[in-house]
Amino acid sequence: MTPDDGVWVYAVTTEGPFPGGISGIRGVAGEELRTVTESGFAAVVGTVRLDTFGEEALRRNLEDLDWLAETARRHDAVVAAICAGGATVPLRLATVYFDDDRVRTMLRDNAQQLGEALEQITDRSEWGVRSYLDRARPESRDAREKTGRPSGTAYLMQRRAQAAAREEAESAAGRRADEIFAELSRWAVAGARQPPSPPDLSSRRSQEILNASFLVDNEHHREFVTAVEQLDTRFDDVELVLTGPWPPYSFTSVEASAR
């Protein structure tokens, strides 16, 4: 390494013979991967140029959506390959250190968190479930039959009725999301909810009411998939979309320090 180089960290696993190996896998800059070990852990890392992946450069590059998408794809591909070999704590995109010694400091300072995280995710995977409203919303009969402009009083009453209807619809959607999350949590070791995607960021026209992740035992993943399918069939007002398995990003919140 040179002073112009940094260390991009992909994931942390246990020290020892690397499950499946990392030879032939390339990182975000096309670099070869290697491991940095400390305190019984192994960080899978790659050497990258700081003029592209340093703090100032990342601040600029992360605003380039094409660059961000390609870098995220490469990072996730490395993490997925590592996870295929065994329990792995994936680190967030753009976790970069100045040198290997600082990576070792991170492993040492976070040893307890890393150990607990690896224990929790061993033989388990993350699954994502999103739920969208899937019900017809026909215009009300009263609105269709309006032929003239309403009076001031009628207009205010109409607006209040519309506001009340929206509030009730939002409450009903929230209750449905809570019901789905509670039901699927019965089949998972842990569950986490994130805010639903805003309509302008979603590729779907229907409203997203639930964005959840579940940590599921690998040996019971079929039961979890079946539970999602059954809920999708039971509720005619929503559509459930299942994705996964994924690296367990949502259940390994290790705050990397000494960056």
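Residues numbered from 1 in each chain as written. Predicted model: local features only at pLDDT ≥ 70, side-chain atom pairs only at ≥ 80, totals over all residues. Heavy atoms only, no water.

1. Quick notes on the pattern of salt bridges
By the definition in use, this model includes 17 salt bridges. Arg73 is paired through a salt bridge with Glu70; the nearest N and O atoms lie 2.6 Å apart. Remark: Glu70 and Arg73 occur in helix α3 (residues 65-83); sequence separation between them is 3 residues, near one turn of the helix. With relative accessibility at 32%, the residue Glu70 sits in the partly exposed group. Ionic pairing is found between Glu70 and Arg74, a salt bridge with its closest N-O pair at 2.9 Å. With Glu70 and Arg74 both in helix α3 and 4 residues apart, this pair spans about one turn of that helix. (Salt bridge = Lys/Arg side-chain N within 4 Å of Asp/Glu carboxyl O. Helix = DSSP H or I, 4+ residues; strand = E, 2+ residues; numbered from the N terminus. Buried < 20%, exposed > 50% of the residue type's maximum accessible area, 1.4 Å probe, protein only.)

2. A word on the sheet that holds strand β7 (residues 190-194)
Taken together, 4 strands build an open sheet; the order of strands is β7-β8-β6-β9 and the sheet is antiparallel. Of all strands in the sheet, those with a lone pairing partner are β7 and β9 (238-246), marking the two edges. Strand-to-strand, the axes of this sheet are offset by a mean angle of 20 degrees, without reference to chain direction. Across 7 bridges, the pairing between strand β6 (residues 124-133) and β9 is antiparallel. Following the sheet pairing, Ser131 is matched in β9 by Leu240. Where helix α5 (residues 111-121) meets the sheet, its contacts fall on β6, β7 and β8 (208-217), and the angle it forms with β6 comes to roughly 75 degrees. Of the strands in this sheet, β6, β8 and β9 touch helix α8 (residues 221-234), which is tilted by about 165 degrees from β9. (Pairing = 2+ DSSP bridges. Axes fitted to C-alpha atoms, helices over the stretch in contact; angles between N-to-C directions. Contact = heavy atoms within 4.5 Å.)

3. Focus on a negative patch on the surface
Taken together, Asp134, Glu229, Asp232 and Asp236 make up a surface patch of like negative charges. If you trace the backbone, Asp236 turns up in the loop between α8 and β9. For Asp236, a relative accessible area of 67% corresponds to the exposed category. (Patch = residues over 30% accessible without salt bridge, like charges linked within 9 Å, V, L, I, M, F, W, Y side chains within 5 Å. Areas by Shrake-Rupley, 256 points an atom, 1.4 Å probe, with all protein chains shown as cover. Lys, Arg positive; Asp, Glu negative; His and termini not counted. Charge placed at Lys NZ, Arg CZ, Asp CG, Glu CD.)

4. Focus on the nonpolar core
Formed by 22 residues in total, the largest nonpolar core has its most connected members in Ile180, Leu184, Phe214 and Phe224. Breaking this core down by element, the ones donating at least two residues are β6, α7 (152-185), β8, α8 and β9. The residues touching Ile180, leaving out its near neighbours within four places in the chain, are Ser131, Leu210, Leu231, Phe235, Val238 and Leu240. By size, the runner-up hydrophobic cluster in this structure holds 21 residues, among which are Val9, Ala43, Val103 and Leu107. (Core = buried A, V, L, I, M, F, W, Y, C linked by side-chain atoms within 4.5 Å.)

5. Some thoughts on α3
The end-to-end C-alpha separation of α3 is 26 Å, in line with the 27 Å expected for 19 residues at 1.5 Å each. Along α3, the positions that sit buried rather than exposed are Trp67, Thr71, His75, Val78, Val79 and Ile82. Summarising the axial view, the buried residues of α3 lie within an arc of 95 degrees, below the 170-degree limit, and thus occupy one face. For α3, exposure combined with an orientation more than 90 degrees from the buried face picks out Leu65 and Asp66. On its buried face, α3 sits against β1 (5-14), β2 (33-38), β3 (41-49), α1 (50-53), α2 (55-61) and β4 (89-90). With a side-chain oxygen lying 3.1 Å from the backbone nitrogen of Asp66, the N-terminal cap of α3 falls on Asp64. (Expected span 1.5 Å × (residues − 1). Arc of directions from axis to C-beta. Polar contact = N/O pair within 3.5 Å; in protein donor to acceptor, adjacent residues only side chain to side chain.)

6. Some points on the packing of aromatic side chains
Per the stated rule, a full pass over the model turns up 5 aromatic pairs. Where Trp8 meets Phe53, the ring centres are 5.4 Å apart and the plane angle is 85 degrees; that geometry is what we call edge-to-face. With Trp8 in strand β1 and Phe53 in helix α1, this residue pair connects regions lying 45 residues apart in the sequence. Across this residue pair, the class does not change: Trp8 and Phe53 are buried. Grouping aromatic residues by their ring pairs yields a cluster made of Trp8, Tyr10, Phe53 and Trp67. Residue placement shows Arg176 over the ring face of Phe235; its charged tip is 4.0 Å from the ring centre. (Phe/Tyr/Trp six-rings, centres within 6.5 Å; stacked < 30°, edge-to-face > 60°. Lys NZ or Arg CZ within 6 Å of the ring centre and 35° of its normal.)

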